[in-house]
Amino acid sequence: PEDTLLDDFIVSIAGIVTNLTLFVVCALLAVFVNMFLWLPDVYEAFVKSGMTGESFVNLFSTTDELNMTGWICGSVSFEGWKLVVQHHWLLYIQRFLMMMCRVNLSLALFNLLPIPALDGGRVFLLLVTVVIEKILRRKLDPKYEGYIHGIGMVLLLVLMGVILFKDIFVIFKR
């Protein structure tokens, strides 16, 4: 019986560990890509372009991505941007990797929550089962754990539906 609990624990924690591993891998790859963005010739191109600190921040901004006409038509020389344009795809790769970091970290943290339909809920119920078995000195009926997980899944789906409809109503109110 204890081997079964250990196996259940390992299976439950595997998804969380996978998400955390993917988070670390994507973060390391993003840092690696960032090194190529700051090669001496690329950095020199940024410096020669006469870009200010504010315009540099806007380059990486998600809200003002397409508003670079002031830089291109203004004081930024074509020569200064030539090397940056050669490496533009690195920015997209870095953004993608950072998005994957956020998604995997969010999934790992959400799965750690002790909600009965999630991995964290399974781990929590396994710990509660072990404690109750030690106190009562008898095995709990697995059907009760199944009921708890079923109710938790229904509540989680209802919560997701409420949030979905709330978001849809907000869109149509505009």
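As the structure is a computational prediction, the values presented were derived from the model and not from experiment. (Residues numbered from 1 in each chain as written. Predicted model: local features only at pLDDT ≥ 70, side-chain atom pairs only at ≥ 80, totals over all residues. Heavy atoms only, no water.)

(A) Here's a closer look at the overall build of the protein. Broken down by element type, the protein carries 8 helices and 0 strands. Reading the secondary structure of the protein in the N-to-C direction produces α-α-α-α-α-α-α-α. Counting contacts in the protein only where the partners sit at least 6 residues apart, residues at least 24 apart contribute 70% of the total. Of the roughly 12,600 Å² that the protein leaves accessible, carbon and sulfur atoms contribute 73%. (Helix = DSSP H or I, 4+ residues; strand = E, 2+ residues; numbered from the N terminus. Contact = heavy atoms within 4.5 Å. Areas by Shrake-Rupley, 256 points an atom, 1.4 Å probe, with all protein chains shown as cover.)

(B) Seen up close, the nonpolar core. Core analysis: the biggest nonpolar cluster contains 8 residues, these being Cys26, Ala30, Val33, Leu37, Leu90, Leu91, Leu97 and Cys101. Those residues in contact with Leu97, other than ones at most four positions away along the chain, are Cys26, Leu29, Ala30 and Val33. (Core = buried A, V, L, I, M, F, W, Y, C linked by side-chain atoms within 4.5 Å. Buried < 20%, exposed > 50% of the residue type's maximum accessible area, 1.4 Å probe, protein only.)

(C) Representation of the confidence of the model for the protein. In the predicted model, the protein carries a mean pLDDT of 76, and 70% of its residues have values of at least 70. Overall, residues 60-81 carries pLDDT values under 50, and its contacts beyond four positions in sequence, including any with other chains, amount to 23 contacts. (pLDDT = per-residue confidence, 0-100.)

(D) Structural context of the packing of aromatic side chains. Under the criterion given, the structure shown has 1 aromatic pair. Between Tyr144 and Tyr147 the ring centres are 6.3 Å apart and the planes differ by 65°, which places this aromatic pair in the edge-to-face class. Here Tyr144 and its partner Tyr147 are both found in helix H8 (residues 142-173), 3 residues apart, which amounts to about one turn of the helix. Take Tyr144: its relative accessible area is 49%, and that puts it in the partly exposed class. (Phe/Tyr/Trp six-rings, centres within 6.5 Å; stacked < 30°, edge-to-face > 60°.)

(E) Just the side chain of Gln94, in detail. Its place among the elements puts Gln94 in helix H6 (residues 88-112). Exposure remark for Gln94: the relative accessible area of 15% places this residue in the buried category. With near-sequence residues (within four places) excluded, Gln94 lies in contact with Ala30, Val33, Asn34 and Leu37.

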